[in-house]
Amino acid sequence: MKPWLKTTVILATTILTVWLIRTLAFLPILITTDERPSLIAGDRVLVARFAFGLRLPLDALFGYHRLSPTLPRQGEPIVFNDPLGKRRNISDRPLCVGTCTALPGDTIWLPWSSDETCRKVAKHYPFVVPGKGITIDIHPWNIVMLANALHLYEQKNVCWDCDSLLVIDGQQVRKVSFSEDYIWVSSNGHTEAYDSRLFGPLPVSHLEGRPMLILYSKDSSKPFYNGYRYRRFLSVLP
């Protein structure tokens, strides 16, 4: 084999190997906001992309596919694609970090107040996290979140004309079901963090992986030669 051809083959093989590792196995990301107690802003984290099943690349061409999908555990940190991102393809959207706090079929309690009674303090009502094979009754306190999820993630034409009645693709319904599993995401950063309180239940198709290792950590407000948190270097995340 000619030297130039051998060099080209080695270079192409190296590039392909790096691409495969980054696409299928591990992805380094920068943490920009605190996700206590494990992560703080400035951590450079290695994400295991296969933690919840192997999400195949090139979804722009072949659609979303995941091999051997599994759900995260309650309390497990996750990395996911922004469900409100503007890009059409899920994998092209920005990455976010949070904690899985509820699984399909779990019930969480959310604050809700009626505009008719003008309550100053919202009461808490049960919200069932959607999932495959789960039928959910529509109530005044869950109708908006369910409608948004159906519109955003299930591509349904949705509207409502009263507190407990949805119109989906022209048909009136009082119960709904979903085509995929969802989880509830919480953030431990601060009260205005970006989590399910803002975007609702997260489809599992948006799961990117699990943060597994802090490669290194640096305070980004300090110059490049200072601000390194050496005690966090190569720290395995729980």
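Scroll up to find the structure this text is about.
Residue indices begin from 1 for each chain and proceed along its sequence in written order. For this predicted model, a pLDDT threshold of at least 70 governs which residues receive local features, and a threshold of 80 or more governs which side-chain atom pairs are given and counted, while totals over whole chains, interfaces and linings are taken from all residues. Just so you know, side-chain values use all the structure's heavy atoms and leave hydrogens and water out.

(A) Region of interest: the pairing of strand 6 (residues 95-102). Among the 8 residues of strand 6, 6 are classified as buried, and the element is accordingly described as predominantly covered. Relative to strand 6, strand 5 (residues 77-81) runs antiparallel, the two sharing 5 bridges. Bridging across to strand 6, Phe-80 finds its partner in Cys-96. DSSP calls a pair of strands paired once it identifies at least 2 bridges connecting them. Helix and strand definitions here come from DSSP, where helices need a minimum of 4 consecutive H or I residues and strands a minimum of 2 consecutive E residues; each element is numbered from the N-terminal end. In terms of strand pairing, strand 6 meets strand 14 (residues 182-186) through 3 bridges, oriented antiparallel. To sort residues, take the accessible area from a 1.4 Å probe on protein chains only and compare it with the maximum for the residue type: under 20% means buried, over 50% means exposed, and anything in between is partly exposed.

(B) Structural detail: the environment of Ile-15. For Ile-15, the position within the fold is in helix 1 (residues 3-25). Judged by relative accessible area, which is 52%, Ile-15 ranks as exposed. In sequence terms Ile-15 and Leu-165 are 150 residues apart; their C-alpha atoms lie 54 Å from each other.

(C) How the structure looks around the layout of surface pockets. For cavity detection a 1 Å grid was placed over the protein atoms alone, and a set of points counts as a cavity when a 1.4 Å probe fits there but cannot get out; an open set counts as a pocket when protein lies on both sides within 12 Å along at least five of seven lines, with lining residues being those that have an atom within 4 Å of a point. Grid points are joined across faces, edges and corners, and a volume is the space filled by probe spheres set on the points. If you add up the space inside the largest pocket, you get close to 500 Å³. Lining the largest pocket are 17 residues, with Arg-88, Ile-90, Arg-93, Leu-152 and Gln-155 sitting closest to its centre. Residue classes in the lining of the largest pocket are distributed as 6 nonpolar, 7 polar and 4 charged. Each pocket or cavity is described by its volume, and for the second largest pocket that value is around 310 Å³. If you trace the second largest pocket, you find 18 residues lining it, with Thr-23, Arg-49, Pro-57, Leu-58 and Ser-91 closest to the centre. Looking at the lining of the second largest pocket, the elements with two or more residues in it are helix 1, strand 3 (54-55) and helix 2 (59-62). Looking at the lining of the second largest pocket, the element that brings in the most residues is helix 1, giving 4 residues. The classification used treats Ala, Val, Leu, Ile, Met, Phe, Trp, Tyr, Cys and Pro as nonpolar, Asp, Glu, Lys and Arg as charged, and all other residues, Gly among them, as polar. A class-by-class count of the residues in the lining of the second largest pocket yields 9 nonpolar, 3 polar and 6 charged.

(D) Here's a closer look at unusual backbone geometry. The backbone phi angle of Ser-68 is positive, close to 50°, even though this residue is not glycine. Looking at the secondary structure, you find Ser-68 in the loop between strand 4 (66-67) and strand 5. For Ser-68, a relative accessible area of 61% corresponds to the exposed category. A positive phi angle, close to 50°, is found at Asp-169, a residue other than glycine.

(E) Summary view of the packing of aromatic side chains. When the centres of two rings from Phe, Tyr and Trp lie within 6.5 Å, Trp using its six-membered ring, the rings pair. Their planes under 30 degrees apart give stacked, over 60 give edge-to-face, and anything left gives tilted. Under the defined criterion, the tally for this structure stands at 13 aromatic pairs. Between Tyr-228 and Phe-233, the aromatic rings sit 6.5 Å apart at their centres with planes inclined by 75°, giving edge-to-face as the arrangement. One aromatic cluster in this structure is built from Tyr-216, Tyr-228, Tyr-230 and Phe-233. Lysine and arginine charges are scored as sitting over a ring when NZ or CZ, respectively, is within 6 Å of the ring centre and within 35 degrees of the ring normal. Over the ring of Tyr-228 we find Lys-218; its NZ or CZ atom is 5.6 Å from the centre of that ring.

(F) Local environment of the environment of Pro-69. Assignment of secondary structure puts Pro-69 in the loop between strand 4 and strand 5. Separated by 17 residues in sequence, Pro-69 and Phe-52 have C-alpha atoms that sit 5.6 Å apart. Other than its neighbours up to four places away in sequence, Pro-69 contacts Phe-52 and Gly-53. Any two residues whose heavy atoms approach within 4.5 Å are treated as being in contact.

(G) Structural context of helix 3 (residues 143-153). Those residues of helix 3 not exposed but buried are Ile-143, Leu-146, Ala-147, Ala-149, Leu-150 and Tyr-153. Just downstream of helix 3, Gln-155 is the residue with a positive phi angle, here 55°.

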